[in-house]
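# Structural characterization, general
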Amino acid sequence: MSECTSYWILKLWQEIGMSCKKLKSIAMERNEELQAEFIAWMAQYDPANLGFIDKKGRGANKKQVFISGHCTSTAALLTLNGIVVGSVVEGSMMHSRFMEWLEHNVICPYLSSYLISD
């Protein structure tokens, strides 16, 4: 790994509030048996058909890089091809708005895919 890559990983960790102490705690909680079961279960799916969805909200009281003083919500679908569809809205993305985005921008165009969300 290059120094440049290490720098950006460290910077990202700082932005999300990750520390070495937190990372060690997460690693200690890892259950290798459950991890193996999950890997075996996921092996049934073609990686090209997997999509991962995440939704994130940012309030005006948090550090903003490009929209200072505004609340925003972001949702995106990540596949092997990168982020294939995303949405940024001002304010909170309510459940109904998220479900509409999911139906019209994710499920219809990517109907043969499996979606994974947190």
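Fair warning: this is a prediction, and the values are worked out from it, not measured in the lab.

Below, the discussion takes up the nonpolar core. Counting residues in hydrophobic clusters, the biggest one holds 10 residues: Ile53, Ala75, Leu77, Val85, Val89, Met93, Phe98, Trp101, Leu102 and Val106. Counting residues per element, the ones that place at least two in this core are strand E2 (72-79), strand E3 (82-90) and helix H4 (95-107). Residue contributions to this core peak at 4 residues, all from H4.

Okay, the pairing of E3 next. Both E2 and E3 contribute to a ladder of 8 bridges, which runs antiparallel. Within E3, the residue paired with Thr74 across the bridge is Val88.

This part takes up the packing of aromatic side chains. The tally for this structure, following the rule as stated, stands at 3 aromatic pairs. Here Phe38 and Trp41 contribute two aromatic rings whose centre-to-centre distance is 6.1 Å and whose plane-to-plane angle is 40°, an arrangement assigned as tilted. Highlighted residues: Phe38 and Trp41, both in helix H3 (residues 32-42), separated by 3 residues, approximately one helical turn. According to the relative accessible area criterion, Trp41 is partly exposed, its value standing at 48%.

What follows deals with the confidence of the model for the protein. Of all residues in the protein, 73% attain a pLDDT of 70 or more, and the chain-wide mean is 75. In the predicted structure, residues 60-64 sits below a pLDDT of 50 and forms 7 contacts with residues beyond four places in sequence or in another chain.

Here we take up the environment of Phe98. Position of Phe98 relative to the elements: it lies in helix H4. C-alpha separation for the pair Phe98 and Lys55, spaced 43 residues apart in sequence, amounts to 8.8 Å. Beyond its immediate stretch of four places on either side in the chain, Phe98 contacts Ile53, Lys55, Ala75 and Met93.

What follows covers the side chain of Ser73. With respect to the helices and strands, the residue Ser73 is situated in strand E2. Ser73 sits in the buried class, given a relative accessible area of 6%. Within the structure, Ser73 has its side chain in polar contact with the backbone oxygen of Gly91 (distance 2.9 Å). Within the structure, Ser73 has its side chain in polar contact with the backbone nitrogen of Met93 (distance 3.1 Å). Among all residues touching Ser73, those that are not within four sequence positions of it are Lys56, Gly57, Ser87, Val88, Val89, Gly91, Ser92 and Met93.

A few words now on the side chain of Thr79. Within the secondary structure layout, Thr79 lies in strand E2. The exposure class assigned to Thr79 is buried, which follows from its relative accessible area of 17%. A distance of 3.1 Å separates the side chain of Thr79 from the backbone nitrogen of Asn81, its partner in a polar contact. Residues contacting Thr79, with those up to four places away along its chain left out, are Leu50, Gly51 and Val84.

A few words on H4. The end-to-end C-alpha distance of H4, which contains 13 residues, comes to just 16 Å, noticeably less than the 18 Å that a straight helix rising 1.5 Å per residue would cover. Of all the residues in H4, the buried ones are Phe98, Trp101, Leu102 and Val106.

Rules used throughout
- Residues numbered from 1 in each chain as written.
- Predicted model: local features only at pLDDT ≥ 70, side-chain atom pairs only at ≥ 80, totals over all residues.
- Heavy atoms only, no water.
- Core = buried A, V, L, I, M, F, W, Y, C linked by side-chain atoms within 4.5 Å.
- Buried < 20%, exposed > 50% of the residue type's maximum accessible area, 1.4 Å probe, protein only.
- Helix = DSSP H or I, 4+ residues; strand = E, 2+ residues; numbered from the N terminus.
- Pairing = 2+ DSSP bridges.
- Phe/Tyr/Trp six-rings, centres within 6.5 Å; stacked < 30°, edge-to-face > 60°.
- pLDDT = per-residue confidence, 0-100.
- Contact = heavy atoms within 4.5 Å.
- Polar contact = N/O pair within 3.5 Å; in protein donor to acceptor, adjacent residues only side chain to side chain.
- Expected span 1.5 Å × (residues − 1).

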